[in-house]
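Chain residues, written in single-letter form:
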Amino acid sequence: MTPIENILSQLHHVKMIGKDKWQARCPAHNDRTPSLSIMPGDDGRILLKCHAGCTTQSVIQAAGLKMADLFDGTARVKSKPSQLFENASDAVTALERKHGRRAAIWTYYDGMGDPLGAVVRWDTPIGKTLRPISRNGSGWVIEAMPEPRPLYQLPGLADDELVLVCEGEKCSDAATQIGFASTTSSGGSQAARKTDWTPLAGKEVVIFPDNDSAGEKYLADVIALLSNLKPRPTVKVVRLPDLPDSGDIVDFVESRRAAGQDDAAIYDEIQSMIDNAGPVALNKPTDVLINNNDGGPSPVLIDLATVSPEPVTWLWPGKFARKKFSMIVGNPGCGKSFLTLDVIARVTTGRGWPDRRGEQREPGSAILLTGEDDLADTVVPRLMAIRADLTRVRALSAIAITDDEGRQRERFFCLDRDIPQLKKAIESVNNCQLIVIDPLQCYLGEKENNAVEDIRSITAALTKLATDYNVAIIGVTHWRKSGESAILRAIGSIAWVAAARCAWGVVRDPLDESGRRRLFLPIKSNLYADTDGLAYSIRSDWGETPVVAWELAPVKDNIDDLLEARTKPGKPGPKPQAQEDAIEWLKKALADGPRQANDVTTEAREAEGIPKSTLNRARKAAGVEAFRLEPLGPWWWRIKSQSQQPDDLDHLDNLVQQPEHLEYLDNVALLNEKPRLSPDAPDTLDTQVIHGDEFENLDVNGPPPYTDDDAESAQGREVQEW
C-alpha cells in the first residue's frame, strides 16, 4: 500500500476531484461538509489541508496515523537539493505545468525593495491551493522563504503610523485598495511566528481577524508577537460586522461595493470602527525560542529575567481573582446561584464585599451563563431585589449560526467550541470584570466531564481567556456523593479544581436548627494564604424575593470535617463522656467572667483537643450565651448566670446581647426597598431605609438587649428598630 493509499484508507467520505487530488471529511473536527484536501507534494510528501483550520498534526493524530506516514521511503530525506531556477518567473512556470494557470501571485520584498519570495495561489473545487517560492543565492527554488520572513508590503510600511494586519495577502490587498497601509505574514494562520514583526514597533496596529477559529488563533498569535516589540505598539482589534462564517475583510468590502458604496465611504466606515475600538491589553513580554527548521514541534522558552513581577488583581480580595478561573462547589438547592448573583450585583454597582463593607470600587459589567434558572422569573427578580445594575449584566443565551441552507438559527453555547464567541461577547461589553458559568456541566458539549484531557483543554482555554481580558471567571458545580477531601469531591474530573486558582465550597450549617444558614468555606487557594470563610442565609422575611444575607463574623470551620459528617448521617455525635468533659472544661474557662469566643475555641482545640462541633454542643448544654460589646465587634461568651451579676462585667461597657447568627450586614435592608432597574433610578418610598453600610454608625446603646431565647422576635427588630 502506498503512503497516499494508507492515508485515504483512514479517512471517510473520500472522493477524487482531479488528477492526484482527493477530498474527505476532516477527522479532527465535526466535519459535515468535506473540507480536507489530499494531494502529493512537489517533494514526494503527502499534503493535507483542512480548510476549516485544523493543523496537519491534529488531522494525522485524529486519523490514528503518524507524521511519518506522510512520507515514502525516499522523501523523508531529500536525495537531491531542490531544483534551482534562474529567476522567479521560471519557478512559477514550473508550478503551473503541474497545477495549471495560477489565480494570483503575491511577492514579498526586503526593506530595500528587493524581492525575497512569493506565494502562488490556485483556486480548486474544494478551496485554494498555495505554493511558495523563494530566492536562494543567485536563483530561485520552490520552497518557503527562510525564517524570519518579511512582512507583506514591507517597503510601504515605514512611513505609516497606522497599519492594518489581516490574515492573508488577498485580505491585505483589499485593505490597501481602499486606502489603508496593510500587511500580513506568509504561510497562513499557523505561521505568524515565522515572520519578523519588528517593523511594527511603536505603531498603531489594528488587527482584522477572519470570522472563524483559525482567525482567532491567528489573532492571539499576532498579539503575543506584538507584545514582545520595543517600543510596544498600540494594538486594537476590529471585528467587521455582517461577516459570514469564515468571512474576512474581502467579503466586507465586496458587500459594501455591491450595496453601492464607493471606496471612500468604505474607508470612512472602517476608520470609524478603528476610532471607536479601544486598545487591547498586550501580553507580558517574553523571549521566545522557535526552531521549525525540521517542520516538527518547537519549544517556546520564556526568559524569566524578562518577566516583570506583578501583584494578583483581585475581584473579591482573598476570594476570587481577575485573570483567573475559580470555582464554587455545592449541593443543589444550597444557594450557590444566590451567591453568584450577589457577586454580580456587587460588581455592577461597586458596592463593598461582605467582609470589606466600606470599600467602594469602580462598577463593572458581568456576563452570566445560566443553564438552570429562568431569566424572567428567577434571575432578573433576584438581581433587582439586591439592587444590581441590570444595564451592566448580559446573559449569554445561545450562539447564532447560519445553517447549510442559509437559514439563521440558534444553538446552545458549548465550552469545547465556542470560546471565540465568548471572546466576542467580552469585547462587546464595556469594562467586563466577571463571567459566571452556572453550572459548568451544562456547557460541555461533546466533552466528557470525567475525562481529564477533555476538561484540561477547557480549563486551559478559560484561563487564557481570563488572562487576556483581565476578567474573573467563576464556574459553578456540584459535590459528588462521596469522596475523601473536598478537593476531590467536585463532580467530574479532578482537572476542574486543579485548574481553579481559588475554589470555594458551600454547605449547610449542621448546627443551624432553622436549616437556612450556609457556610462559604475555602477548598483551595493558590493565590492567598489560608483564609477564613463566611456565613450567609437565604432570607425573604421582609420581601417577596429572597436574597443572600451575609453575616459579619468570619467562619473558621473546616469544610472537610463538615463534608465527612454529611456523608455519614448515621454517625453518632461525641460520646457522652467527651461532651461532659467539654462542658466541665468550658465552665472552668468562663468561671472568671466573659471571654472572646475565638480565644475559647482556639484554646479548646489546641490545648484540650476539643473539636469545635463538640464545643458548640457543650456551650448550649452549659447555658453559655453569646454577645457583643458593639455591633461590629468580636463575639464574647459568658455563662448565663453571669449576666445577672453586674459586678463581674465592670470591664465590659455597653453590652449588646445578640444571637450569634442574626447580625446580617448586607442585603437585609434591601428587602424593604422597591426594586429598580438601575441604582441611579429615584427612590419612590416614603419611609427611610437603612442601607447595609449605615450599620457602622449606629448607637450601640440604642436597641434593647436580647438573647438566644428572643431570636424569633429579634429578626424583625434588626432593621426596624435600628
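It should be noted that the structure appears before, not after, this text.
This structure is a prediction, so every number in the text was calculated from the model and none was measured.

1. Re the overall build of the protein chain
Right, on to step 1. Of the regular secondary structure elements, the protein chain holds 17 helices and 30 strands.
Right, on to step 2. Within the protein chain, residue pairs in contact and separated by at least 24 positions form 63% of the contacts whose partners lie at least 6 positions apart.
Right, on to step 3. Counting only carbon and sulfur atoms, one obtains 48% of the accessible surface of the protein chain, whose full area is about 35,100 Å².

2. Let's talk about the pairing of strand E21 (residues 472–477)
Right, on to step 1. Of all six residues making up E21, six are buried, and the element is well covered by its neighbours.
Right, on to step 2. Sheet analysis places strand E15 (residues 325–330) next to E21, joined by five bridges and oriented parallel. Opposite Ile 328, over in E21, you have Val 476 as the bridge partner.
Right, on to step 3. Relative to E21, strand E20 (residues 432–438) runs parallel, the two being bridged by four bridges. Residue pairing for E21: Ile 435 is matched across the bridge by Ile 473.
Right, on to step 4. After leaving E20, the chain enters helix H11 (residues 452–469) and then returns to the sheet as E21, a path that is right-handed.

3. Section: the packing of aromatic side chains
Two descriptors summarise a pair of aromatic rings, namely the distance from one centre to the other and the angle between the planes of the rings.
Right, on to step 1. Applying the stated criterion across every chain, the model contains 13 aromatic pairs.
Right, on to step 2. Note on Phe 180 and Tyr 267: the rings are 4.3 Å apart at their centroids and 25° apart in plane angle, and the pair reads as stacked. Of this pair, Phe 180 sits in the loop between helix H4 (169–177) and strand E10 (182–183) while Tyr 267 sits in helix H7 (residues 263–276), placing them 87 residues apart in sequence.
Right, on to step 3. For Phe 180, a relative accessible area of 6% gives the class buried.
Right, on to step 4. Residue Tyr 267 is classed as partly exposed on the basis of its relative accessible area, which comes to 27%.
Right, on to step 5. With 6.0 Å between their ring centres and 75° between their planes, Phe 520 and Trp 550 make a pair best called edge-to-face. Here Phe 520 is found in strand E23 (residues 517–525), whereas its partner Trp 550 is found in strand E25 (residues 547–551), with 30 residues between them in sequence. For the residue pair Phe 520 and Trp 550, the accessibility class agrees, reading buried in each case.
Right, on to step 6. Aromatic ring contacts, followed pair by pair, group Trp 316, Phe 320, Trp 353, Trp 504, Phe 520, Tyr 536 and Trp 550 into a single cluster.
Right, on to step 7. Over the ring of Phe 338 we find Arg 382, and its NZ or CZ is 3.9 Å from the ring centre.

4. Remarks on the pattern of salt bridges
Right, on to step 1. Scanning all chains against the criterion turns up 24 salt bridges.
Right, on to step 2. Measuring nitrogen to oxygen at the nearest pair gives 2.7 Å for the salt bridge that ties Asp 468 to Lys 464. You can see Asp 468 and its partner Lys 464 sitting in helix H11, four residues apart, about one turn around the helix.
Right, on to step 3. Residue Lys 464 is classed as partly exposed on the basis of its relative accessible area, which comes to 41%.
Right, on to step 4. The residue Asp 532 makes a salt bridge to Lys 556 at a minimum N-O spacing of 3.0 Å. Placement of Asp 532 in the loop between E23 and strand E24 (534–539) and of Lys 556 in the loop between E25 and helix H13 (559–566) is noted, with a sequence separation of 24 residues between them.
Right, on to step 5. Among the charged side chains, a salt-bridge network with shared partners connects Glu 96, Arg 101 and Arg 102.

5. Topic: helix H16 (residues 612–621)
Right, on to step 1. Of all the residues in H16, the buried ones are Thr 614, Leu 615, Asn 616, Ala 618 and Arg 619.
Right, on to step 2. Gly 623 occupies a position one or two residues after H16 and carries a positive phi of about 75°.

6. Concerning the sheet that holds strand E7 (residues 127–136)
Right, on to step 1. Reading across from one edge, E5-E6-E7-E8 is the order of the four strands in this open sheet, with antiparallel pairing throughout. Since the sheet does not close on itself, it has two edges, and those belong to strand E5 (104–109) and strand E8 (139–141), each with one partner. Averaged over all pairs of adjacent strands, the angle between strand axes in this sheet comes to 25°, irrespective of strand direction.
Right, on to step 2. As judged from the eight bridges shared by strand E6 (residues 115–124) and E7, these two strands associate in the antiparallel manner. Each residue of the ladder has a partner; that of Thr 124, found in E7, is Gly 127.

7. A word on a positive patch on the surface
Right, on to step 1. A surface patch of positive charge is lined by Arg 25, Arg 32, Arg 409 and Arg 417.
Right, on to step 2. Residue classification places Arg 409 among the partly exposed residues on the basis of a relative accessible area of 40%.

8. Observations regarding the side chain of Asp 509
Right, on to step 1. On the secondary structure map, Asp 509 appears in the loop between strand E22 (502–508) and E23.
Right, on to step 2. Among the polar contacts listed, one links the side chain of Asp 509 to the side chain of Arg 517, at a separation of 2.6 Å.

9. Some words on the environment of Thr 349
Right, on to step 1. Tracing the backbone through its elements, the reader meets Thr 349 in helix H8 (residues 336–349).
Right, on to step 2. Overall, the relative accessible area of 18% leaves Thr 349 in the buried class.
Right, on to step 3. At a separation of 2.8 Å, a polar atom in the side chain of Thr 349 contacts the main-chain carbonyl oxygen of Ala 345.
Right, on to step 4. A distance of 3.3 Å separates a polar side-chain atom of Thr 349 from the backbone nitrogen of Arg 351.

10. Describing the nonpolar core
Right, on to step 1. By size, the foremost hydrophobic cluster in this structure holds 46 residues, and its most contacted members are Phe 325, Met 327, Ile 367, Leu 415, Ile 435, Ile 437 and Ile 473.
Right, on to step 2. For this core, the element with the most residues is H11, which contributes five residues.
Right, on to step 3. Ile 367 has contacts with Arg 394, Leu 396, Ala 425, Ile 426, Val 429, Cys 432, Leu 434, Ile 435 and Val 436, leaving out every residue within four places of it along the chain.

11. What to know about the sheet that holds strand E4 (residues 46–50)
Within a sheet, adjacent strands bond to each other through the backbone by hydrogen bonds, running parallel or antiparallel.
Right, on to step 1. Strands sit in the order E1-E2-E3-E4 across an open sheet of four strands; the sheet is antiparallel. Lying at the two open borders of the sheet, with one neighbouring strand each, are strand E1 (12–18) and E4. Ignoring strand direction, the axes of neighbouring strands in this sheet form an average angle of 25°.
Right, on to step 2. As paired elements, strand E2 (residues 21–25) and strand E3 (residues 36–40) share three bridges and run antiparallel to each other.

12. Some points on the packing of helix H10 (residues 419–428) against H11
Right, on to step 1. At a closest axis distance of 11 Å, the pairing of H10 and H11 adopts a crossing angle of 20°. With respect to their mutual orientation, H10 and H11 come out roughly parallel. Where H10 crosses over H11, the handedness of that crossing is right-handed. Here Ile 419, Leu 422, Lys 423, Ile 426 and Glu 427 of H10 lie close against H11, whose contacting residues are Ala 461, Leu 462, Leu 465 and Tyr 469.

13. What to know about the environment of Gln 360
Right, on to step 1. Here Gln 360 lies in the loop between H8 and strand E16 (365–370).
Right, on to step 2. The spacing of Gln 360 and Gly 350 is ten residues in sequence and 5.6 Å in space, taken between C-alpha atoms.

14. A short note on a nonpolar patch on the surface
Right, on to step 1. Together, Val 452, Ile 487, Leu 488 and Ile 494 make up a nonpolar patch on the protein surface, roughly 270 Å² of accessible area in all.
Right, on to step 2. For Leu 488, a relative accessible area of 37% translates into the label partly exposed.

15. Points about the packing of H8 against helix H9 (residues 375–385)
Right, on to step 1. Relative to each other, H8 and H9 sit at 50°, their axes nearing to 10 Å. Considering the angle they form, H8 stands oblique to H9. Pair H8 / H9 crosses with right-handed handedness. Seen from H8, the contacting residues are Ser 337, Phe 338, Leu 341 and Ile 344; seen from H9, they are Val 379, Arg 382 and Leu 383.
Right, on to step 2. Class assignment for the residues of the contact of H8 with H9 results in five nonpolar, one polar and one charged.

16. Focus on the pairing of E6
Right, on to step 1. Pairing of E5 with E6, which is carried by six bridges, proceeds in the antiparallel orientation. In the sheet register, Ile 105 faces E6, and the bridge partner there is Val 120.
Right, on to step 2. The turn linking E5 back onto E6 is made up of five residues, and Gly 113 within it adopts a positive phi angle of 90°.

Cut-offs used in this document
- Residues numbered from 1 in each chain as written.
- Predicted model: local features only at pLDDT ≥ 70, side-chain atom pairs only at ≥ 80, totals over all residues.
- Heavy atoms only, no water.
- Helix = DSSP H or I, 4+ residues; strand = E, 2+ residues; numbered from the N terminus.
- Contact = heavy atoms within 4.5 Å.
- Areas by Shrake-Rupley, 256 points an atom, 1.4 Å probe, with all protein chains shown as cover.
- Buried < 20%, exposed > 50% of the residue type's maximum accessible area, 1.4 Å probe, protein only.
- Pairing = 2+ DSSP bridges.
- Right-handed = clockwise from strand over helix to strand, strands pointing away.
- Phe/Tyr/Trp six-rings, centres within 6.5 Å; stacked < 30°, edge-to-face > 60°.
- Lys NZ or Arg CZ within 6 Å of the ring centre and 35° of its normal.
- Salt bridge = Lys/Arg side-chain N within 4 Å of Asp/Glu carboxyl O.
- Axes fitted to C-alpha atoms, helices over the stretch in contact; angles between N-to-C directions.
- Patch = residues over 30% accessible without salt bridge, like charges linked within 9 Å, V, L, I, M, F, W, Y side chains within 5 Å.
- Lys, Arg positive; Asp, Glu negative; His and termini not counted.
- Charge placed at Lys NZ, Arg CZ, Asp CG, Glu CD.
- Polar contact = N/O pair within 3.5 Å; in protein donor to acceptor, adjacent residues only side chain to side chain.
- Core = buried A, V, L, I, M, F, W, Y, C linked by side-chain atoms within 4.5 Å.
- Parallel < 35°, antiparallel > 145°, perpendicular 65-115°, else oblique.
- Left-handed = near helix turned anticlockwise from the far one by under 90°.
- Nonpolar A, V, L, I, M, F, W, Y, C, P; charged D, E, K, R; others polar.

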